[in-house]
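Examination of the molecular architecture
These are the residues of each chain, in order.
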Amino acid sequence: MSERTASGRLRPLEAPRSLAEDAADRIREEILSGGFLQGEHLVEARIAEQLKVSRGPVREAFKLLRAEGLLEEEPRRGTFVVSLSPADVRQIYGVRAAIEGRAARLLATDPSAPVVAELRGLLERIEEAVAAGDLAAVFRRDLEFHDGLCRLSGNARLHEVFVRYVPMLRALLRLDERVVGSLDEAALQHRPLLEAIESGDAEEATRHAEEHSDHAGDLIAAYLESLPGADGP
């Protein structure tokens, strides 16, 4: 196939991924899957050896993951997987409440049929996972629904803030699985939000979105506070 476009201009080359980005992907996967535990010390040289790369890309990968909030560096001690305190959880879910409440308001102010249909499809995927009894899928679909809520709001910067917190939110999913009351509850709690958006009730949509996030954050924070040795918020 020719490398020239119809206008006679060369198509730009696709930028190759760096080793640091690939290393960050591998480390992130381990954190989010539970392979690396909260508070675990990550040794640069050891990870470089496992990935069969030099220490430079791993060092850059650590910087990327610190920016995402998944790693933290302690002076003279090294790099550690972030440990989430109850206060951390409440703050993260407080951010969710603010941005998702705003997204719900925007959607309810002008509820277009295509947007409502897409949200309904995302909700149905949660309900299908519930019907299958697939807990991990339920929480993946749940995150997709909330991502869609922000993405479809029309406010790109609002969605950017949500995406910035996705890695941290995924790290909390394993905690969600321990505190959720039932799978049915996980599905049913989204239905009133969708109905408020569809009916154009901006106040009700905002309330449901904020209460949903605040409730989830309180449940997870309470779980962390109940663990042996917890220091509280």
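The coordinates are above.
So, here is what we can say about the structure in this document. (Residues numbered from 1 in each chain as written. Predicted model: local features only at pLDDT ≥ 70, side-chain atom pairs only at ≥ 80, totals over all residues. Heavy atoms only, no water.)

Side note on the overall build of the protein
What the protein contains, in helices and strands, is 10 helices and 3 strands. Counted from the first residue to the last, the protein has its helices and strands arranged as α-β-α-α-β-β-α-α-α-α-α-α-α. By residue count, 38% of the 233 residues in the protein fall in the buried class. Sequence-distant contacts, at least 24 apart, represent 69% of the contacts inside the protein between residues at least 6 apart. On the protein, roughly 13,000 Å² of surface is accessible, and the fraction owed to carbon and sulfur atoms is 51%. (Helix = DSSP H or I, 4+ residues; strand = E, 2+ residues; numbered from the N terminus. Buried < 20%, exposed > 50% of the residue type's maximum accessible area, 1.4 Å probe, protein only. Contact = heavy atoms within 4.5 Å. Areas by Shrake-Rupley, 256 points an atom, 1.4 Å probe, with all protein chains shown as cover.)

Details of the packing of helix α5 (residues 113-132) against helix α6 (residues 135-151)
Between α5 and α6, the shortest axis-to-axis distance is 8 Å and the interhelical angle comes to 170 degrees. Taken together, α5 and α6 sit at an angle that is classed as roughly antiparallel. Contact residues: E118, L119, L122, L123, R125, I126, A129 and V130 in α5; A137, V138, R141, D142, E144, F145, G148, L149 and R151 in α6. Looking at the contact of α5 with α6 residue by residue, the class counts come to 10 nonpolar, 1 polar and 6 charged. (Axes fitted to C-alpha atoms, helices over the stretch in contact; angles between N-to-C directions. Parallel < 35°, antiparallel > 145°, perpendicular 65-115°, else oblique. Nonpolar A, V, L, I, M, F, W, Y, C, P; charged D, E, K, R; others polar.)

So, the nonpolar core
In this structure, L119, L193 and I197 are the most contacted members of the largest nonpolar core, which totals 40 residues. Mapped onto this core, the elements with two or more residues apiece are α4 (86-109), α5, α6, α7 (156-179), α9 (191-199) and α10 (202-226). Look past the residues within four positions of I197 in its chain and what remains in contact with it is A104, L107, A108, P111, L119, L149 and A205. Membership of the second largest hydrophobic core comes to 16 residues, among which are I31, F36, A48 and L70. (Core = buried A, V, L, I, M, F, W, Y, C linked by side-chain atoms within 4.5 Å.)

Topic: the environment of A196
Tracing the backbone through its elements, the reader meets A196 in helix α9. Measuring from C-alpha to C-alpha, the distance between A196 and R105 comes to 9.6 Å, with 91 residues separating the pair along the chain. In contact with A196, not counting residues within four places along its chain, are A108, D201, E204, A205 and H208.

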